[in-house]
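Here are the chains, one letter per residue:
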Amino acid sequence: MLVGILLFGGSGAQAGTVVTESDGACRLSNGRVEAVFRGEGAFDIEKLVLNGHSVLDPGTNATPWILWYKGSQGENPELKPEHAVYQGAEIRRDEGAATLVFTWQLTLDYSSKTYPVRMYVTLCDDEELLRWSLEADLPEGWMVTDLHFPRLEIRRPADGRILTTEGWGVEKPLDIATFEARYPSHASAMQFLIVYNADGAFYYGTEDRRGCGKTYSARCSHETVLLSDAIPASAGWIDGGTFRLPWSSVVGFAPEGWADAVV
């Protein structure tokens, strides 16, 4: 068994972000957040603990993204990780943070070349938030027209409620239904959703300072809540043959409740 551990500087009980590779899994941890991902075979989030609160079960997060492309001959495929070859994760170190770079290889045009989709999951040394970003390489003349990202399926909290930023803020019980909020509009004045109960609040948001259009959704079943962001893509987000989503999305958990999560 090969085990690799990287320790990065910081302060507190744990010295910054720890990155561990072991038995086909990759782990990010900084004492406040612990995220374990499957690194071989097929993508999955095996464990996600935010501020001491486990928020999901393994086997429910195989599809963190969906991309719609437009090809040079009018092709318009909808593609998911299941249509690609998963290549696992690489570790990248930036100042004050560690990132896992997950890569999928897609066949898009009529050549033998493949085009990668790269998802970046970043944990800063002293943060309570896990950050997600995405980019995709493109054949000449192709573009990404729409995407759903990040798609995260969490455990449905008992007696849970959802908070949207409609008007002055609206609270609803988690029925077996899909809740949607289009930003910017009266239905979503700020860029986040919160799912919470008496144990605390799960925060799902985007740090998009441009205020681009997007639609937040929460699809609630008996067991889980699938959170997603539907984004109409811009041709201006393509540079040098690579599409890059120009913001990061974040998730976190506030044990003190929804008001603390909003702040």
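Residues numbered from 1 in each chain as written. Predicted model: local features only at pLDDT ≥ 70, side-chain atom pairs only at ≥ 80, totals over all residues. Heavy atoms only, no water.

1. With respect to the confidence of the model for the protein
Per-residue confidence for the protein averages 92 on the pLDDT scale, and 94% of its residues sit at or above 70. Note on residues 1-13: pLDDT is under 50 here. Beyond four places in sequence and across chains, it has 35 contacts. (pLDDT = per-residue confidence, 0-100. Contact = heavy atoms within 4.5 Å.)

2. A closer look at the side chain of Thr242
As for its placement among the helices and strands, Thr242 is situated in strand β23 (residues 242-244). One polar contact links Thr242 to Asp137, side chain to side chain, over a distance of 2.8 Å. In contact with Thr242, not counting residues within four places along its chain, are Arg118, Glu135, Ala136, Asp137 and Trp237. (Helix = DSSP H or I, 4+ residues; strand = E, 2+ residues; numbered from the N terminus. Polar contact = N/O pair within 3.5 Å; in protein donor to acceptor, adjacent residues only side chain to side chain.)

3. Details of the pairing of strand β21 (residues 224-232)
β21 sits mainly inside the fold: seven of its nine residues count as buried. Across three bridges, the pairing between strand β13 (residues 143-148) and β21 is antiparallel. Considered in β21, the bridge of His148 is made with Ala230. As paired elements, strand β14 (residues 152-155) and β21 share four bridges and run antiparallel to each other. Directly across from Arg155, in β21, lies its bridge partner Thr224. (Buried < 20%, exposed > 50% of the residue type's maximum accessible area, 1.4 Å probe, protein only. Pairing = 2+ DSSP bridges.)

4. Focus on the pattern of salt bridges
For the structure on display, the rule yields 14 salt bridges. Here Glu34 makes a salt bridge to Lys47, at a shortest N to O gap of 3.3 Å. With Glu34 in strand β4 (residues 33-38) and Lys47 in strand β5 (residues 45-50), the pair connects residues that are 13 residues apart, well separated along the chain. Note on Glu34: relative accessible area 16%, which makes it buried. With relative accessibility at 34%, the residue Lys47 sits in the partly exposed group. With its nearest N and O atoms 2.7 Å apart, the salt bridge here joins Asp137 to Arg118. Linking Asp137 in strand β12 (residues 130-137) with Arg118 in strand β11 (residues 115-124), this pair joins segments that are 19 residues apart in sequence. Assigned by exposure class, Asp137 and Arg118 land together as buried. A cluster of three or more residues bridged by salt bridges with shared partners is formed by Arg118, Glu135, Asp137 and Arg244. (Salt bridge = Lys/Arg side-chain N within 4 Å of Asp/Glu carboxyl O.)

5. Let's talk about unusual backbone geometry
Cis geometry marks the peptide bond from Phe149 to Pro150, where omega comes out at -15°. Counting through the fold element by element, Pro150 comes out in the loop between β13 and β14. A cis amide bond links Tyr183 with the next residue in sequence, Pro184, at an omega value of -5°. One can find Pro184 in the loop between β17 (178-183) and β18 (192-197). With a phi angle near 50°, Asn51 is a residue other than glycine that sits in the positive phi range. Looking at where Asn51 falls in the secondary structure, it is placed in the loop between β5 and β6 (53-54). Note on Asn51: relative accessible area 25%, which makes it partly exposed. We note that Asp159 has phi near 55°; this positive angle belongs to a residue other than glycine. Here Asp159 is to be found in the loop between β14 and β15 (161-164).

6. What to know about the pairing of strand β19 (residues 200-206)
Most of β19 is tucked away, with seven of its seven residues classed as buried. Of the two faces of β19, the one lined by Gly200, Phe202, Tyr204 and Thr206 and the one lined by Ala201, Tyr203 and Gly205 are each fully buried. As paired strands, β18 and β19 are joined by six bridges and run antiparallel to one another. Following the sheet pairing, Ile194 is matched in β19 by Tyr203. Joining the antiparallel neighbours β18 and β19 is a turn of two residues.

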